[in-house]
Amino acid sequence: MSLAAVRGADRAVLLTRTVDVRGTTAEFRHVGVTVVSHDDILHALLELTHDPDSILVVSSDFDRIPLPDMLDLAVAVCGPSVILGLGTADAAASIRTAFAAGVRTTVELPLTPERLQQAIHRLPQSPSARDAAVTVGDLTVDPGRHLALWRGVPIEVTPR
């Protein structure tokens, strides 16, 4: 799973015991992401093997496995594409645990399309993805940064 793929993620797998999603399927698709929710880490990780460009959002309230162990496993399998979902648990302790495990960003739960989109954009990005811009005439498209420019002026485009 490349870092470039993480920034262009089109699927988010949410690991949670409750429904921590606010928004319709269409609203999430509008920002370029489909959300799938699982209450079992094995099923969540299996979901990721079917779509290696997915990201994993782990709820801090998930209590079937201790948070440090779960995050260590998630980062070992998914690399930098793990986001900590901040639920009702102690946020400061959860963030310290997540950063110690290698998680580099968080998102407040319940998950909304806007919150997820912002969290994905905070994920690390490789230098090669930043250099992947393509220029044809006056048009520049940079898929790694989700940016299109016409004569140097940004063009508003949808995530897809």
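All of these numbers come straight from a predicted model, not from anything done at the bench.

Rules and cut-offs
- Once a new chain begins, its residue numbering starts again from 1 and follows that chain's sequence as written.
- Only residues with pLDDT of at least 70 get local features here, since the model is predicted, and only at 80 or more are side-chain atom pairs given and counted; chain-wide, interface and lining totals rely on the full set of residues.
- The side-chain numbers reported here are obtained from all heavy atoms of the structure, hydrogens and water having been left aside.
- Here the nonpolar core consists of buried residues drawn from Ala, Val, Leu, Ile, Met, Phe, Trp, Tyr and Cys, with membership extended through side-chain atoms lying within 4.5 Å.
- Throughout this description, buried means an accessible area under 20% of the type-specific maximum (1.4 Å probe, protein chains only), exposed means over 50%, and partly exposed covers the range between.
- Put simply, DSSP marks the helices as runs of H or I at least four residues long and the strands as runs of E at least two long, and each gets a number from the N terminus on.
- How sure the predictor is of each residue is captured by pLDDT, a score from 0 to 100.
- Any pair of residues with heavy atoms lying within 4.5 Å of one another is described as a contacting pair.
- Between N-to-C directions, angles cover 0 to 180 degrees, with each direction set by a line fitted to C-alpha atoms, over the stretch in contact for helices.
- It is the rotation of the near helix from the far one that decides the hand of a crossing: anticlockwise by less than a right angle makes it left-handed, clockwise makes it right-handed.
- Each residue receives one of three labels: charged for Asp, Glu, Lys and Arg, nonpolar for Ala, Val, Leu, Ile, Met, Phe, Trp, Tyr, Cys and Pro, and polar for the others, Gly being one of them.
- Salt bridge, as applied in this entry: a Lys or Arg side-chain nitrogen positioned within 4 Å of an Asp or Glu carboxyl oxygen.
- To estimate the expected span of a helix, subtract one from its residue number and multiply by 1.5 Å.
- To be clear, the arc concerns the directions from the helix axis to the C-beta atoms.
- Each patch is built from residues that are more than 30% exposed by relative accessible area and take part in no salt bridge. Like charges join if they lie within 9 Å; nonpolar side chains (Val, Leu, Ile, Met, Phe, Trp, Tyr) join within 5 Å.
- Residue burial considers only the protein chains on display, and all accessible areas are found by Shrake-Rupley using a 1.4 Å probe.

Draft legend 1. Representation of the nonpolar core. Among the nonpolar cores identified, the biggest contains 21 residues, and L15, L56, V58, M70, L71, V82 and V103 are the most heavily contacted of them. When contributions to this core are tallied by element, the ones reaching two or more residues are β1 (11-15), α3 (41-50), β3 (55-59), α4 (67-78), β4 (82-86) and α5 (91-101). Grouped together as the second largest cluster of nonpolar side chains are 14 residues, L14, V107, L116 and A119 included.

Draft legend 2. The confidence of the model for the protein chain, seen in detail. Looking at the protein chain, the pLDDT average stands at 85 and 88% of residues meet or exceed 70. The lowest-confidence element of the protein chain is helix α1 (residues 3-7), averaging 40 in pLDDT; the highest-confidence one is strand β5 (residues 106-108), averaging 96. A low-confidence stretch, residues 1-7 (pLDDT under 50), is modelled with 23 contacts involving residues beyond four sequence positions or located in other chains.

Draft legend 3. Focus on the packing of α4 against α5. Interhelical geometry of α4 versus α5 gives an angle of 35 degrees and a closest axis separation of 9 Å. The hand of the α4/α5 crossing is right-handed. Contacts between α4 and α5 involve L67, P68, L71, D72 and V75 from the former and S94, T97, A98 and A101 from the latter. Of the residues assigned to the contact of α4 with α5, the class counts are 6 nonpolar, 2 polar and 1 charged.

Draft legend 4. Representation of the pattern of salt bridges within the structure. For the structure on display, the rule yields 5 salt bridges. Note that E47 is salt-bridged to R11, the shortest N-O span being 3.0 Å. Here E47, found in helix α3, pairs with R11, found in strand β1; they are 36 residues apart in sequence, far enough to count as distant. Of the residues examined, E47 reaches a relative accessible area of 18% and is grouped as buried. Its relative accessible area of 23% is what places R11 among the partly exposed residues.

Draft legend 5. Examining α4 more closely. For α4, built from 12 residues, the straight-helix expectation of 16 Å at 1.5 Å per residue is met to within 8% by its first-to-last C-alpha distance of 16 Å. Regarding α4, the residues found buried are L67, M70, L71, A74, V75 and C78. Mapping the buried residues of α4 onto a view down its axis gives an arc of 125 degrees, with all of them on the same face. For α4, the secondary structure elements touched by its buried residues are β1, α3, β3, β4 and α5.

Draft legend 6. Expanded view of the environment of D63. Within the secondary structure layout, D63 lies in the loop between β3 and α4. By relative accessible area, D63 is classed as exposed at 55%. Separated by 46 residues in sequence, D63 and R17 have C-alpha atoms that sit 8.1 Å apart.

Draft legend 7. Examining a nonpolar patch on the surface more closely. Nonpolar side chains collect at one region of the surface, where L139, V141, W150, I155 and V157 lie side by side and expose about 400 Å² of accessible area between them. Residue position: V141 is located in strand β7 (residues 139-142).

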